[in-house]
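Examining the three-dimensional arrangement
In case you want the letters, here they are:
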Amino acid sequence: MDRAEDCRLGVDHRVHPICDETLTNMKLKIHVLLSAFLFGTSLSAQAANLPIERIPNQKARNIIFVLTDDHRYDAMGFVGHPWLETPVMDKMAAQGAHLPNAFVTTSLCAPSRASIITGLYAHNHQVIDNYNPVRPDLTYFPQYLQSAGYETAFVGKWHMGGDIDDQQRGFDHWVSFKGQGTYWPDGKGTSRVVPQTHRDGFNVNGKRVPQKGYITDELTDYALDWLDNRKTDKPYFLYLSHKAVHADFVAADRHLGRYKDKKMPKPPTFADTAENYEGKPMWLKNQRNSRHGVDYGYNLENFDLEDYYRRYCETLLAVDENLGRVFDWLRKTDQLESTLVVYMGDNGFQFGDHGLIDKRVAYEASIRVPLILHCPEIIQPGIQIPQVVANIDIAPTLLEAGGVRPPNHFDGESFFQLATGQSIPWRDYLLYEYYWERNYPHTPTTHSVRGDRYKYIRYHGIWDLNELYDLQEDPYETKNLIESAEHQELITNLNTRLFALLDESKGHTIPLQPDRGPTFPLRHPERGDQGSFPNSWFKKP
């Protein structure tokens, strides 16, 4: 049954959803159809009219972009995980470039994916939650590749606009599913109902096709089938967008139980102690007892974080295996040396970091993602690129890799020259933003700047502490320096830098979108004390 049916039948009554999704889906469908009518007669016509500037003497190489969901930056073998096995990612990094300081500018599925496809911050593309669509006047970077003569394909999770899987501009070939889709057609293996779950198969170029098997395998099947059956000599761009490893984690049958005896590496900020919450904002302590906190995870009475983490790692195994299938195809067709393969996560995921689960927040486990590039023809093996890069940089980077000069309207910058061993000026700080959601009211509106050493976090619309971390001395963000006397000048400078970045990108207006989807405000009545105001704020007149 789909999510609307779940609501009507009272499934997942442990939470408090507002069951209006059927009406919401109808409104969204009308919005999408009307937008297509108003803003363009056809998807191909939109692409054909885009002016481009080619980069002289730059090869229009084949590009494969593989995106996964909720993949933490440290959930790979080669970065030191104690037991998770990712041999394909390990080899990809050893033979290519690893970018250890890769981030997203909004740590949430749809906003991050919108930033990837548009090259814009969320305040500009205005996809600030998982329910509202991308504006039809925005251009997706594959449209520029189409204008440059590329054949393009999208296979997998789209998610922007909620429960839609309509074919999108910029893609000649289309395979997708509504909302979050499902790991298995019958939904087996799940422990809860995930909002926007759908089990009505795929949209394959406008035709409804049933899902047959495990989704990570099947999406890769579709991707390789398209590569095998292309009828043109045009260069290609393939965007393979996995559902995995989004919660509720379900591993392939062949991987079930692989890590049943393993212990989750608990972060130092996990414990509910006075030391861990000293100098931290109140909202953080309060979120511990919420849908996105370890005391009441997903509002389940018996939420087991350790088991959830093991399931997460087991689910990731199929992603690594199927990435290997893509490399095997490139090797078999003699394209391995010249094809640029990019692997990235759409956001991180908290597994007890600061007492939280999920994402959205500006802490490292939430905003930092894996990013690996492989193309032996132009990228030296085993290099690390230390600069702070982000999802907004993907669009200009892949355009430059394809021989197309990135247009000036992008908020991101191309790091293609960094990847190919050249030295270019680069940003000092990256802007992060998250806008409070009615659906998940536990996390406040957040703006942050993240540089090589320091991170400054500013909250909006809430009576609480801001945060400052020295990531060189305190990589796990255990000590908030916001009230440190010796750091006040730095805090002032970083606040100024934050607003300068907002000014440069026209980000002074907070997007406000219509209320859509369920809301989850619940707390457990017997767990988790409320946060307290900082002692420094108590002063007599």
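Numbers given to residues run from 1 along each chain, matching the order in which its sequence is written. Residue-level local features of this predicted model are given only where pLDDT is at least 70; pairs of side-chain atoms are given and counted only at 80 or more, and the full residue set underlies all totals for whole chains, interfaces and linings. The side-chain quantities take in all heavy atoms of the structure and omit both hydrogens and water.

1. Considerations on the packing of helix α4 (residues 87-94) against helix α11 (residues 305-332)
Basically, it comes down to this: Axis definition: a line fitted to C-alpha atoms, limited for helices to the stretch in contact. Angles are taken between N-to-C directions and run from 0 to 180 degrees. Here a strand is any run of E in DSSP of at least two residues, a helix any run of H or I of at least four, and the numbering for each starts at the N terminus. Angular relationships are summarised with four words: roughly parallel below 35 degrees, roughly antiparallel beyond 145, roughly perpendicular across 65 to 115, and oblique for the angles in between. Contact definition: two residues touch when any of their heavy atoms are within 4.5 Å.
Contact geometry of α4 with α11 gives a least axis separation of 7 Å together with a crossing angle of 50°. It follows from the interaxial angle that α4 and α11 lie oblique. The residues of α11 that touch α4, namely those facing P87, V88, M89, K91 and M92, are L316, V319, D320, L323, G324, F327 and R331.

2. Notes on the sheet that holds strand β9 (residues 340-345)
Spelled out, the test is: Any two strands with at least two DSSP bridges between them are considered paired.
Strand order in the open sheet formed by 10 strands is β7-β6-β5-β4-β8-β1-β9-β12-β2-β13, with mixed pairing between adjacent strands. Because the sheet does not close on itself, it has two edges, and the strands there are β7 (207-209) and β13 (383-384). Inspection of the sheet shows strand β1 (residues 63-68) paired to strand β8 (residues 236-241) by 5 bridges, in the parallel sense. In the strand pairing of β8, I64 is matched with L238. Set on the sheet, α4 makes contact with β2 (97-98), β9 and β12 (371-374); between it and β12 the angle comes to about 60°.

3. Section: the confidence of the model for the protein
Test applied: Summary of the metric used: pLDDT quantifies the predictor's per-residue confidence within the range 0 to 100.
In the predicted model, the protein carries a mean pLDDT of 91, and 91% of its residues have values of at least 70. For residues 1-42, every residue scores under 50 in pLDDT, and the model assigns this stretch 66 contacts once sequence neighbours within four places are set aside.

4. What about the sheet that holds strand β16 (residues 445-451)?
Read across the sheet, 4 strands follow the order β15-β16-β17-β18 without closing on themselves; strand pairing throughout is antiparallel. Each edge of the open sheet carries a strand with a single partner, namely β15 (429-434) and β18 (467-470). The average angle at which neighbouring strand axes cross in this sheet is 15°, direction not considered. Sheet analysis places β16 next to strand β17 (residues 454-460), joined by 6 bridges and oriented antiparallel. The residue of β17 that forms the bridge with S448 is I457.

5. Points about the environment of D295
Keep this limit in mind: Exposure is judged per residue with a 1.4 Å probe applied to protein chains only, and the accessible area is read against the type maximum: over 50% gives exposed, under 20% gives buried, and values in between give partly exposed.
As for its placement among the helices and strands, D295 is situated in the loop between α10 (282-287) and α11. On the accessibility criterion, D295 (17% relative accessible area) is buried. Distance from D295 to H524, taken between C-alpha atoms, is 7.8 Å for residues 229 residues apart in sequence. With sequence-adjacent residues up to four places away left out, D295 is seen in contact with D272, R288, N289, R527 and G528.

6. Description of the packing of helix α8 (residues 215-228) against α11
To keep it simple, the criterion reads: For this scheme, ten residues count as nonpolar: Ala, Val, Leu, Ile, Met, Phe, Trp, Tyr, Cys and Pro. Four count as charged, namely Asp, Glu, Lys and Arg, and the remainder, Gly too, count as polar.
Contact pair α8 / α11: the axes reach a minimum separation of 10 Å and the direction vectors enclose 10°. Between α8 and α11, the angle is such that the two are roughly parallel. For the pair α8 and α11, the contacting residues are T216, D217, T220, D221, L224, L227 and D228 in the first and A318, V319, N322, R325, V326 and W329 in the second. Here the residues of the contact of α8 with α11 are counted per class, giving 6 nonpolar, 3 polar and 4 charged.

7. Here we look at the pattern of salt bridges
Where charged atoms from two side chains of opposite charge approach closely, those side chains can pair. Put simply, the test is: By convention in these notes, a salt bridge is any Lys or Arg side-chain nitrogen within 4 Å of a carboxyl oxygen on Asp or Glu.
In total, this model carries 37 salt bridges according to the counting rule given. For E306, the salt bridge identified is with R310, shortest N-O distance 3.6 Å. In this pair, E306 and R310 both sit in helix α11, 4 residues apart, roughly one turn of the helix. Among the charged side chains, a network of salt bridges with common partners joins E364, R368, R450, K455 and E477.

8. Quick notes on the pairing of β16
For β16, the tally of buried residues reaches 7 of 7 residues, placing the bulk of the element in the interior. Here β16 shows a buried face lined by T445, H447, V449 and G451 and a second buried face lined by T446, S448 and R450. In terms of strand pairing, β15 meets β16 through 6 bridges, oriented antiparallel. Paired with Y432 across the strands is S448, a residue of β16. Where β16 folds back on β17, the antiparallel hairpin that results is connected by 2 residues.

9. With respect to the nonpolar core
Convention followed: Buried residues of nine kinds, namely Ala, Val, Leu, Ile, Met, Phe, Trp, Tyr and Cys, make up a nonpolar core once their side-chain atoms join them within 4.5 Å.
Counting residues in hydrophobic clusters, the biggest one holds 64 residues, and the most contacted among them are I64 and F351. For this core, the leading source of residues is α11, giving 14 residues. The next biggest cluster of nonpolar side chains, apart from the first, holds 50 residues, and it includes M160, L373, I379 and L418.

10. Things to note about helix α13 (residues 394-401)
Among the 8 residues of α13, 8 are classified as buried, and the element is accordingly described as predominantly covered. Three or more residues of α13 are buried, namely I394, A395, P396, T397, L398, L399, E400 and A401.

11. Overview of α11
It helps to recall that an α-helix has 3.6 residues per turn; residues three or four apart then point in one direction. Our working rule: Expected span of a helix, by definition, is 1.5 Å for each gap between consecutive residues, and there is one gap fewer than residues. Polar contact is the term for a pair of N or O atoms within 3.5 Å; when the atoms are in protein, one must be able to donate a hydrogen and the other to accept it, and sequence-neighboring residues count only if both atoms are side-chain atoms.
Relative to the 40 Å expected for 28 residues at 1.5 Å per residue, α11 spans 41 Å between its end C-alpha atoms, a close match to the ideal helical length. With respect to burial, α11 is a largely interior element, 22 of its 28 residues being buried. If you check the start of α11, you find a side-chain oxygen 3.2 Å away from the backbone N of E306, and it comes from D304. Positive backbone phi, at 60°, marks D334, one or two positions downstream of α11.

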